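Now for the letters of each chain:
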Amino acid sequence: MRKHKLFILATILFMAIGFAAVTTTLIINGTLRIGTNPQDFDNNIVFIETKTDDSSVASISTDGKIISFVARELKSLGDEVTLNFVVKNKSKQYDADAIINCDYSEDNNYNEYANIKINPSEFILRAQEKQDGNLTIRLVKSFIGTEDDDSIQIAFQCRISANALERDNLAEEIKEPSDVLASDYLDEISNTNQELMYDGTIDNNLRFVGNDPHNYLEFNGELWRIIGLMNNVSDEEGNKRSYIKIIRNESIGSYAWDIRLKNNFSNSSNNWANSTLMSTLNEDAYFNRSKGECAINTYPDKTYKTDCDFSETGLKESSKKMLKRVVWKLGSTALEYPDKKMNADWFYKGERSKSTYNNYPVEWTGFIGLMYPSDFGYSIDLTENAACSSIDITSNSGSDCYADSWLNFNGGSQWTLSPSTYGSNVNFSSYYVGNSYASESMGVRPTAFLKESVRIMRGTGTRDNPYIVG
């Protein structure tokens with residue numbers, strides 16, 4: 001057998017020498033012409049969704065290029081009507097650099113009566129991706145008219161001008177998730193989704209960022225939003241793992257964080273574990289989807305309670321089954337860190353500290369809490385402005401960074417879970433983070449964690465096509 005192997009090797013070497021002796025030369029002469037593909041680009045930047053209120057009308061042309069919008073009549077100063085839309089770049093070959101401009105018709109000069117605001121006005125629309133936008137029209141000047149003419153019509157036109165941007169690879173068509181674990185899905189798309197960003201904390205949570213990311217989900221029969229995939233979260237048994245954190249898209253009303261006796265702040269506290277708002281969300285009316293009494297600041301009245309009805313908006317039994325009972329951190333935001341930069345990182349550390357006012361508990365275990373100041377701080381897209389990472393979010397100086405945060409509460413104020421080290425004060429957020437008496441009334445957006453077994457059945461995360469979970 002050994003001689004047989006040597007014979008075969010010798011034959012192969014011989015054949016290789018024979019082939020090496022035969023040589024030739026190949027020459028290629030040619031030219032290459034590379035051209036644009038305007039048809040691919042022009043035909044594929046289209047409107048795909050539109051929505052407005054029940055009294056207005058909006059429709060998309062068959063080619064997807066035009067939205068026809070007839071707004072309801074505006075009568076009172078400050079009246080507004082909003083058109084929501086979604087534009088998609090169906091091209092696989094080109095990204096788009098888009099700018100939106102709105103002009104009034106030259107046939108009338110009524111533009112002093114209405115203000116038109118479009119958001120966003122500039123954006124990059126990558127191949128196969130969508131962009132949510134909205135157009136808001138507001139009456140800014142009252143109209144008197146005559147007996148024969150008691151109304152006017154204002155015509156306007158908004159144009160999306162999109163310039164093609166080159167790509168070096170064909171974009172893959174975005175597919176809807178289908179019956180996948182929600183946590184696995186977020187982890188899977190994190191490498192390609194520009195709206196997901198790791199926060200760089202010790203837990204390195206994965207968060208949705210930007211003005212209006214595609215993080216909508218249908219939960220409890222209403223719109224909620226995904227804050228992100230939070231790591232190292234402890235459950236009631238002390239086990240740590242990653243859970244998806246969600247927040248209701250709108251407030252359930254304006255209520256006090258904690259109030260016991262009217263105008264007696266000493267009987268209110270920033271101890272979430274026994275606060276009146278905690279009870280409402282986890283034990284009473286909201287949790288039980290029923291009517292009840294809620295704490296509210298009614299100064300100068302003598303009462304501190306009001307009737308509240310959550311029989312249509314409270315938690316359904318089917319929703320409760322999808323929620324995880326976890327440990328929420330209640331550390332106060334004391335000025336104990338050497339750099340004193342009250343940015344998102346500073347708040348994140350404070351929320352997890354062992355410092356509380358009056359030695360109140362540093363942790364609480366339950367289903368429904370509130371967002372943290374750090375959730376607000378980490379919600380901006382740092383790829384747009386890296387300098388915002390060090391902005392003091394307790395100051396108006398940071399308003400430019402956070403004005404377009406998706407967690408910004410439309411200019412209003414909303415409670416957070418984070419107590420202050422000062423008396424009975426609690427932190428709130430609007431376009432910055434501040435603190436106020438726990439007995440004040442502010443917007444309440446329930447926040448919760450989904451069980452690890454929750455799955456995304458379908459949806460793309462847009463307002464009109466939210467993720468459906470089960």
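Everything discussed here concerns the structure shown above.
Described in the following lines is the structure provided in the data block.

What counts as what
- Residues numbered from 1 in each chain as written.
- Predicted model: local features only at pLDDT ≥ 70, side-chain atom pairs only at ≥ 80, totals over all residues.
- Heavy atoms only, no water.
- Helix = DSSP H or I, 4+ residues; strand = E, 2+ residues; numbered from the N terminus.
- Buried < 20%, exposed > 50% of the residue type's maximum accessible area, 1.4 Å probe, protein only.
- Contact = heavy atoms within 4.5 Å.
- 1 Å grid on protein atoms, 1.4 Å probe; cavity = no way out; pocket = protein on both sides within 12 Å on 5 of 7 lines; lining within 4 Å.
- Points joined across faces, edges and corners; volume = space filled by probe spheres on them.
- Nonpolar A, V, L, I, M, F, W, Y, C, P; charged D, E, K, R; others polar.
- Disulfide = S-S within 2.5 Å.
- Patch = residues over 30% accessible without salt bridge, like charges linked within 9 Å, V, L, I, M, F, W, Y side chains within 5 Å.
- Areas by Shrake-Rupley, 256 points an atom, 1.4 Å probe, with all protein chains shown as cover.
- Salt bridge = Lys/Arg side-chain N within 4 Å of Asp/Glu carboxyl O.
- Lys, Arg positive; Asp, Glu negative; His and termini not counted.
- Charge placed at Lys NZ, Arg CZ, Asp CG, Glu CD.
- Pairing = 2+ DSSP bridges.
- Axes fitted to C-alpha atoms, helices over the stretch in contact; angles between N-to-C directions.

Comments concerning the overall build of the protein chain
Here is step 1: The helix and strand inventory of the protein chain stands at 8 helices and 27 strands.
Here is step 2: Taking all 470 residues of the protein chain together, the buried fraction comes to 45%.
Here is step 3: Sequence separation of 24 or more characterises 65% of the internal contacts of the protein chain that already satisfy a separation of 6 or more.

Things to note about empty space enclosed by the protein
Here is step 1: Evaluated as defined, the whole model comprises 2 cavities of 30 Å³ or more.
Here is step 2: Space inside the largest cavity adds up to approximately 50 Å³.
Here is step 3: Every residue along the wall of the largest cavity is listed here: Ala-182, Ser-183, Leu-229, Ser-242, Tyr-243, Ile-244, Leu-450, Lys-451, Glu-452 and Val-454.
Here is step 4: Contributing elements (two or more residues each) for the lining of the largest cavity: helix H3 (182-189) and strand E15 (240-248).
Here is step 5: When residues of the lining of the largest cavity are assigned to their parent elements, the largest contribution, 3 residues, is made by E15.
Here is step 6: Each residue belonging to the lining of the largest cavity can be placed in one class, and the counts come to 6 nonpolar, 2 polar and 2 charged.
Here is step 7: Its volume calculated, the second largest cavity comes out at about 40 Å³.
Here is step 8: In terms of lining residues, the second largest cavity is bounded by Asn-270, Asn-271, Trp-272, Leu-330, Thr-356, Tyr-360, Pro-361 and Pro-419.
Here is step 9: Looking at the lining of the second largest cavity residue by residue, the class counts come to 5 nonpolar, 3 polar and no charged.

Focus: the state of the cysteines
Here is step 1: Inspection of the entire model under this criterion finds 2 disulfides.
Here is step 2: Note that Cys-102 is cross-linked by a disulfide to Cys-158, the S-S spacing being 2.0 Å. Negative torsions about the S-S bond denote left-handed disulfides, and the value of about 110° found for Cys-102 with Cys-158 makes this one right-handed. Taken together, the residues Cys-102 in strand E5 (residues 95-104) and Cys-158 in strand E9 (residues 156-165) connect sequence positions 56 residues apart.

Some thoughts on a negative patch on the surface
Here is step 1: Together, Glu-147, Asp-148, Asp-149 and Asp-150 make up a region of like negative charge exposed at the surface.
Here is step 2: Mapping Asp-150 onto the fold places it in the loop between strand E8 (130-139) and E9.
Here is step 3: The class of Asp-150 is exposed, set by a relative accessible area of 59%.

Quick word on the sheet that holds E9
Here is step 1: Read from one edge to the other, the open sheet built from 3 strands follows the order E7-E5-E9, with strand pairing classed as antiparallel. Edge positions in the sheet fall to strand E7 (122-125) and E9, since each has one partner strand and no second. Strand-to-strand, the axes of this sheet are offset by a mean angle of 25°, without reference to chain direction.
Here is step 2: As defined by bridge partners, E5 adjoins E7 across 4 bridges and the pair is classed as antiparallel. The residue of E7 that forms the bridge with Ala-98 is Phe-123.

Some remarks on the layout of surface pockets
Here is step 1: Volume-wise, the second largest pocket comes out at about 1,300 Å³.
Here is step 2: Lining of the second largest pocket is provided by 43 residues; of these, Phe-69, Ala-71, Ile-137, Ile-154 and Phe-156 occupy positions nearest its centre.
Here is step 3: Counting residues per element, the ones that place at least two in the lining of the second largest pocket are helix H2 (38-44), strand E1 (45-51), strand E3 (67-70), strand E4 (80-89), E5, strand E6 (114-119), E8 and E9.
Here is step 4: Looking at which element gives the most residues to the lining of the second largest pocket, the answer is E9, with 6 residues.
Here is step 5: Taken together, the residues that form the lining of the second largest pocket break down as 31 nonpolar, 5 polar and 7 charged.

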